[in-house]
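# Geometric and topological summary
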Amino acid sequence: MSDDRTLVVTMGGQAQVVTFALDWLLAQGESIREVVVVHLSPGDARTSRALSQVAAEFSGDRYRGEPCRLRLVPIRRGSDRLADIRDEADADATWQTVYHLLASLKAQGHALHLCIAGGRRIMGLLTLSAAMLLCGHHDRVWHMYTPATFLERAQDGAIMHARPEDGVRLIQVPMVPWGAYF
C-alpha cells in the first residue's frame, strides 16, 4: 500500500465540503492523489452547480498545482440516477452504490479518508455502515465542523477554501472496522 490516500466525500449542493475536507487533510500532511465525490443526480440546479464548482477545482487532474484526480460517482438504482433518497429502495440503492465503490477501492489497495459531512444525512449514515464492513484500522471516517458564521458566508460555494482562522476542521468519527476482523 502506498502512502497516498483516496478521499471519498458525500456531497449535495455544497461544493465547498469537498475542498474544505481536502484542504484540511493536505494541511495535516496527508498525501491525497484521488478524490471521489458521491452525489445524487445533478438534475437540480444546486447539485449541478456544485458539481461544476468542484470540477473547476480539479482542472487537468490537478488540485492547487499538484496531481490529484477527481472522480464523480452518481448514486444509481439500476441505470437510473437517483434525484433523492425518498424510500427504503432508494436507501438500499445508495448503500449498494457506496458499498461497491468502497469494496472496489479497498480491493485496489487504497487507504481511505471518508468525509460523510455532505449531502443528505442518510448518505453519511449509509457510507459509515458500508465502511464498518470494508475498512481497516488505517482508514478514517470524518465529519466536518464549520463555525455557523463562516458557514453562512461560504454557502453555495461562495468560499471554496477555508483559512485556518476560519475554524473549519475535520472530526474523526469513531468506527469499529468489523471488516478487519471478519
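Each remark here, short or long, concerns the structure printed above.
First things first, this report covers the structure right here in the doc. Remember, predicted model here, so these are calculated numbers, not experimental data.

### Considering the environment of Ala89
Note that Ala89 resides in helix α3 (residues 88-107). Residue class for Ala89 comes out partly exposed when judged on its relative accessible area of 37%.

### Description of the side chain of Thr19
Tracing the backbone through its elements, the reader meets Thr19 in helix α1 (residues 16-27). Side-chain polar atoms of Thr19 contact the backbone oxygen of Met160, separated by 2.4 Å. Those residues within four positions of Thr19 in sequence are excluded, and the remaining contacts are Glu57, Tyr63, Met160 and His161.

### Here's the deal with the packing of α3 against helix α4 (residues 121-134)
α4 packs onto α3 with a crossing angle of 40° between their chain directions and a minimal axis gap of 9 Å. Relative to α4, the element α3 is oriented oblique. Crossing handedness for the pair α3 and α4: right-handed. The segment α3 lies against α4, with Ala91, Thr94, Trp95, Val98, Tyr99, Leu102, Ala103 and Lys106 engaging Ile122, Met123, Leu126, Thr127, Ser129, Ala130, Ala131, Leu133 and Leu134. Along the lines of polarity and charge, the residues of the contact of α3 with α4 split into 13 nonpolar, three polar and one charged.

### Focus: α3
Compared with an ideal rise of 1.5 Å per residue, which puts 20 residues at 28 Å, α3 spans 28 Å between its outermost C-alpha atoms and is within 8% of the ideal. Buried within α3 are the following residues: Asp90, Ala91, Ala93, Thr94, Trp95, Thr97, Val98, Leu101, Leu102, Leu105 and Lys106. Structurally, α3 contributes buried residues whose contacts are with β1 (5-11), β2 (32-39), β5 (69-74), β6 (76-77), β8 (111-115) and α4. Measuring from the side-chain oxygen of the N-cap residue of α3 to the backbone nitrogen of Ala89 gives 3.2 Å; that N-cap residue is Asp87. Looking at the residues trailing α3, positive phi occurs at Gly109, about 85°.

### Brief notes about the sheet that holds β5
Spatial ordering of the open sheet is given by β5-β2-β1-β8-β9-β10, a layout of six strands whose pairing is mixed. A strand with exactly one partner marks an edge of an open sheet, and here the two such strands are β5 and β10 (169-172). Taking the axes of each pair of neighbouring strands and ignoring which way they run, one obtains an average angle of 25° across the sheet. As defined by bridge partners, β1 adjoins β2 across seven bridges and the pair is classed as parallel. The residue of β2 that forms the bridge with Val9 is Val37. Packing of α4 onto the sheet brings it into contact with β1, β2, β8 and β9 (140-145), and relative to β1 it is tilted by some 145°.

What counts and what doesn't
- Residues numbered from 1 in each chain as written.
- Predicted model: local features only at pLDDT ≥ 70, side-chain atom pairs only at ≥ 80, totals over all residues.
- Heavy atoms only, no water.
- Helix = DSSP H or I, 4+ residues; strand = E, 2+ residues; numbered from the N terminus.
- Buried < 20%, exposed > 50% of the residue type's maximum accessible area, 1.4 Å probe, protein only.
- Polar contact = N/O pair within 3.5 Å; in protein donor to acceptor, adjacent residues only side chain to side chain.
- Contact = heavy atoms within 4.5 Å.
- Axes fitted to C-alpha atoms, helices over the stretch in contact; angles between N-to-C directions.
- Parallel < 35°, antiparallel > 145°, perpendicular 65-115°, else oblique.
- Left-handed = near helix turned anticlockwise from the far one by under 90°.
- Nonpolar A, V, L, I, M, F, W, Y, C, P; charged D, E, K, R; others polar.
- Expected span 1.5 Å × (residues − 1).
- Pairing = 2+ DSSP bridges.

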